[in-house]
Amino acid sequence: MFKRVGFRFNADECIGCRACEIACKNENQTPTGIQWRKVTKLAPEIYLSHSCFHCDSPECFRVCPERAFSKRQDGIVQIDENICTGCQLCVTACPYGAPQFNPETKKVSKCQMCYQRQDMDLVPACVEACTTGALKQVDLNTFSDENAVRSLQGFADVTITCPSVVFYPVKPKKRYFLAT
Amino acid sequence: MIKQQVIPDFVQELLTESSKGVEPLIQKLSTLLSCPILVTDPFYQLYCSTAHLDMNEIVIIPNKEFERDSLSSCEISTRDTISAGFVAPISLHQKHLGFLVMICEDNMPDAALYEQAILFTASLCALQMQKKLEIKQEKGKFKDAFLFDLLYGNIKKKQDIIEYGALWGWNFTVPHQIIVFSFVQYDQFFTDQEKINILLQLVEKELICQQLNPIIMIKQAQVIAVVPQHNPDMEQFTLQIQAFANNVLSQAEKIKLQPQIACGLGKVYANPAELFRSYQEAKVAFELGVLLKTRTPFFVELGLERILFNHDLQDLKEYYDHCLGALIRYDRDHEGNLLETLETLAAHQFDMGKTAAAIFLHRNTLRYRIKKIEEILNVKLDDLNVRLNIIAAFKIKLLRKLS
């Protein structure tokens, strides 16, 4: 059976340090204004690190008139910038804002899940850089945890696209008071 | 002193024949018992038979509950005849593979006379059927790799796809369409392989019934069928494909396959390198079909629904409230069900007669209610634009699960 790589994100463990963002930029040398991975604030003290989720039913892939997208057997969705004509249909179709248009090159690019690193049995740069272990890579064909959920509050609808990501929801925080 | 065990002659004979396959094996058993023998799959579809009868459709009615490793008496009903006989389950390592059936043409003999031979043959059949299944699975690995690349557009050249397809006897020079069957409550952790295999068998069986060389693949909880457009008349083909999907769903309902299954149908593409679009479309149709409770959702028929589903939720909620909010509030304050009446009316294309029949109302009562709805919403329901707004609002309600 094929491996099906995906991300596992624990919202409780993310402290918003943006190490994943920097590692992605450093690894892929993306130009100014293009960020394949972003950290956004969902609520006070709740962060979400998001990039392309390499969906099982990628909408970018379906709408591309040039067939520039392909999906590897391990589930990574790739874009061939040489084929891309910059029509930006994929940019509007993706509910997660993953494909990014570069106005200088007139091409779209997106996270390729560091497939060169994956081929050498290394995890993606963002996962390696995560300081708290909030972002991890898992094989979704074997991953099983009853506490994991498919979506977080504030995250885009996953119904059509089935993104290759699982989340651990935010647990209610306890407050302790010191008696003086 | 060790007592010498006697192995009956029939064991040796059956063992020798079993190496040649299931058919020679049951032929031998039939000769030994002087009775017609047949083997079916777990859904009573004929696998092979020694009887020269019209046995394409058979029903086996056991006289009591099947017991593991034991012989039961049963009735075998074919298109023209009803015969009595014995049935033994064919299973290996608790995996059910089918049934071995002996037809008694005259009167029913004592089961004990045949039990040993039939159960032994059933075990040999199980070994052979399992071996065949494993070979099929091994061959399937290469097929799956090709189908994965086909479904995700990884083979860019049409000619390459046609040549690869020809290896398995698939003709990709004709247009194809993709149908996805899956479980309604599927999530990415769904791993009940046995249920997925049952679904695969149902789809495969139905395709064979339609005399099509099945191009099927399992992917997680989905069974994906690539169906060639065998009928050049597009309208006829659409009806045939709808009947095919309906048959699979009915079969699943008949065997009470849980969780419930649903399907989605993509567009027909002449270029096999574009088939990945049909697959993605079929998955979109599947998801929207589940939300809209459509039995056989075709992607091409889901234009408005797709636009609404992809639209901003807050905007949709505002639109829904703008169209139907006054009626919802009226119903809530007066404990009425005018919204339900309007929903049924919209579902029946605003046809008074059909709506009245559907909700068991007199036409005059329905007319009174519609007048009331028009007053509350301050609209005229015979205006086409108003109708479109109302239909869109109800689609939003279904798609976004608004209450």
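Keep in mind that what you see is a predicted model, and the values were worked out from it rather than measured.

1. A look at the overall build of chain A
Check the secondary structure of chain A and you find five helices and nine strands. Going from N to C terminus, chain A has its helices and strands arranged as β-α-β-β-α-β-β-α-β-β-α-α-β-β. Compactness check: chain A gives a C-alpha radius of gyration of 17 Å against a globular reference of 16 Å for 180 residues, within 12% of the reference. Seen through its principal axes, chain A has C-alpha atoms that stretch 65 × 40 × 30 Å. Counting every position in chain A, which comprises 180 residues, the buried fraction comes to 34%. Residue pairs in contact within chain A that sit at least 24 positions apart in sequence constitute 62% of those at least 6 positions apart.

2. Overview of the sheet that holds strand E9 (residues 222-228) of chain B
All names here are of chain B. Reading across from one edge, E8-E9-E7-E10 is the order of the four strands in this open sheet, with antiparallel pairing throughout. On the outer flanks of this sheet lie strand E8 (216-219) and strand E10 (261-269), each paired with one strand and no other. On average, adjacent strands in this sheet sit at an angle of 20° to one another, irrespective of strand direction. Lying on the sheet, helix H5 (residues 193-209) is in contact with strand E7 (176-183), E8, E9 and E10; it crosses E9 at an angle near 15°. Helix H7 (residues 275-292) contacts E7, E9 and E10 of the sheet and is inclined by roughly 145° relative to E10.

3. Details of the domain arrangement of chain B
Often, the extent of an interface is quoted as the loss of accessible area on bringing the components together. Split into domains, chain B comes out as domain 1 (9-129), domain 2 (152-307) and domain 3 (311-399). Using C-alpha coordinates to define each centre, domain 1 of chain B is positioned 59 Å away from domain 3 of chain B.

4. Focus: the nonpolar core
All names here are of chain B. Core analysis: the largest hydrophobic core is formed by 60 residues, its most contacted members being Ile179, Phe181, Ala225, Leu265, Ala282 and Ala285. Counting residues per element, this core draws most heavily on H7, at nine residues. No fewer than three residues from each of domain 2 (152-307) and domain 3 (311-399) sit in this core.

5. Quick notes on helix H12 (residues 363-377) of chain B
Spanning 15 residues, H12 of chain B covers 21 Å between terminal C-alpha atoms, matching the ideal 21 Å at 1.5 Å per step. Positioned one or two residues after H12 of chain B, Asn378 of chain B has a phi angle of 60°, which is positive.

6. With respect to the confidence of the model for chain A
This prediction gives chain A a mean pLDDT of 90; 99% of its residues lie at or above 70. Of all helices and strands in chain A, the one with the weakest mean pLDDT is strand E2 (residues 38-43) of chain A (89), whereas helix H5 (residues 125-129) of chain A scores best (96).

7. Focus: the confidence of the model for chain B
Averaged over every residue, the pLDDT of chain B is 85; the share at 70 or more is 94%. What the predictor reports for the complex is a pTM of 0.75 with an ipTM of 0.84.

8. Structural notes on the pairing of strand E6 (residues 95-104) of chain B
Residue and element names in this part refer to chain B. Counting buried residues along E6, seven of its ten residues qualify, which places the element largely inside the surrounding structure. Across nine bridges, strand E5 (residues 82-92) lies against E6 in antiparallel orientation. Paired with Val87 across the two strands is Val101, which belongs to E6. Counting the residues in the hairpin turn of E5 and E6 gives two residues, including His93, whose phi is positive at 50°.

9. Here's the deal with the sheet that holds strand E9 (residues 165-168) of chain A
All names here are of chain A. Pairing within the open sheet is mixed, and its three strands lie in the order E8-E1-E9. Single-partner strands in this sheet number two, and they are strand E8 (135-139) and E9. Strand-to-strand twist across the sheet, computed as the mean angle between neighbouring axes with direction ignored, equals 30°. Here strand E1 (residues 5-10) runs beside E8; their pairing, made up of five bridges, is antiparallel. The residue bridging Phe7 from the neighbouring strand is Gln137, located in E8.

10. With respect to the interface of chain B and chain A
If you look at the interface, chain B gives 14 residues, while chain A gives 13 residues. Take the side of chain B that touches chain A: its biggest share by element is six residues, from H7 of chain B. Taken together, the residues of the side of chain B that touches chain A break down into four nonpolar, four polar and six charged.

11. Side note on the environment of Lys158 of chain B
Mapped onto the secondary structure, Lys158 of chain B falls in helix H4 (residues 158-167). Residues Lys158 of chain B and Ser19 of chain B, spaced 139 residues apart in sequence, show a C-alpha to C-alpha distance of 42 Å.

12. Observations concerning the UniProt feature "domain: PucR C-terminal helix-turn-helix" (unreviewed entry) in chain B
Here, the residues flagged by UniProt with the feature "domain: PucR C-terminal helix-turn-helix" (unreviewed entry) are residues 338-396 of chain B. The span residues 338-396 of chain B shows a helical share of 76% and a strand share of 0%, and its end C-alpha atoms are spaced 18 Å apart.

13. Digging into the packing of helix H9 (residues 313-334) of chain B against helix H10 (residues 338-347) of chain B
Residues and elements named next belong to chain B. Their axes nearest at 8 Å, the elements H9 and H10 cross at an angle of 135°. Looking at the two axes, H9 sits oblique to H10. On the side of H9, the interface is formed by Leu324, Leu327, Ile328, Tyr330 and Asp331, while H10 contributes Leu338, Leu339 and Leu342. Grouping the amino acids of the contact of H9 with H10 by side-chain chemistry returns seven nonpolar, no polar and one charged.

14. Here's the deal with the environment of Phe148 of chain B
One can find Phe148 of chain B in helix H3 (residues 111-151). Expressed as a C-alpha distance, the spacing of Phe148 of chain B and Phe276 of chain B, which sit 128 residues apart in the sequence, is 9.4 Å.

15. Overview of unusual backbone geometry
Residue and element names in this part refer to chain B. For Gln220, which is not glycine, the phi torsion reads 50° and is therefore positive. A residue is classified by how many C-beta atoms lie within 10 Å of it, and Gln220, with 18 of them, is partly exposed. One non-glycine residue, Gln349, adopts positive backbone phi at about 55°. Position of Gln349 among the secondary structure elements: in the loop between H10 and helix H11 (352-358).

The rules we used
- Residues numbered from 1 in each chain as written.
- Chains lettered and ligands numbered in written order.
- Predicted model: local features only at pLDDT ≥ 70, side-chain atom pairs only at ≥ 80, totals over all residues.
- Helix = DSSP H or I, 4+ residues; strand = E, 2+ residues; numbered from the N terminus.
- Rg over C-alpha atoms; globule rule 2.2 N^0.38 Å.
- Buried ≥ 20, exposed ≤ 12 C-beta atoms within 10 Å, placed from the backbone.
- Contact = placed C-beta atoms within 7 Å.
- Pairing = 2+ DSSP bridges.
- Axes fitted to C-alpha atoms, helices over the stretch in contact; angles between N-to-C directions.
- Domains from an automatic or database assignment.
- Core = buried A, V, L, I, M, F, W, Y, C linked by C-beta atoms within 7 Å.
- Expected span 1.5 Å × (residues − 1).
- pLDDT = per-residue confidence, 0-100.
- Nonpolar A, V, L, I, M, F, W, Y, C, P; charged D, E, K, R; others polar.
- UniProt positions renumbered as here; feature names shortened; annotations may be inferred.
- Parallel < 35°, antiparallel > 145°, perpendicular 65-115°, else oblique.

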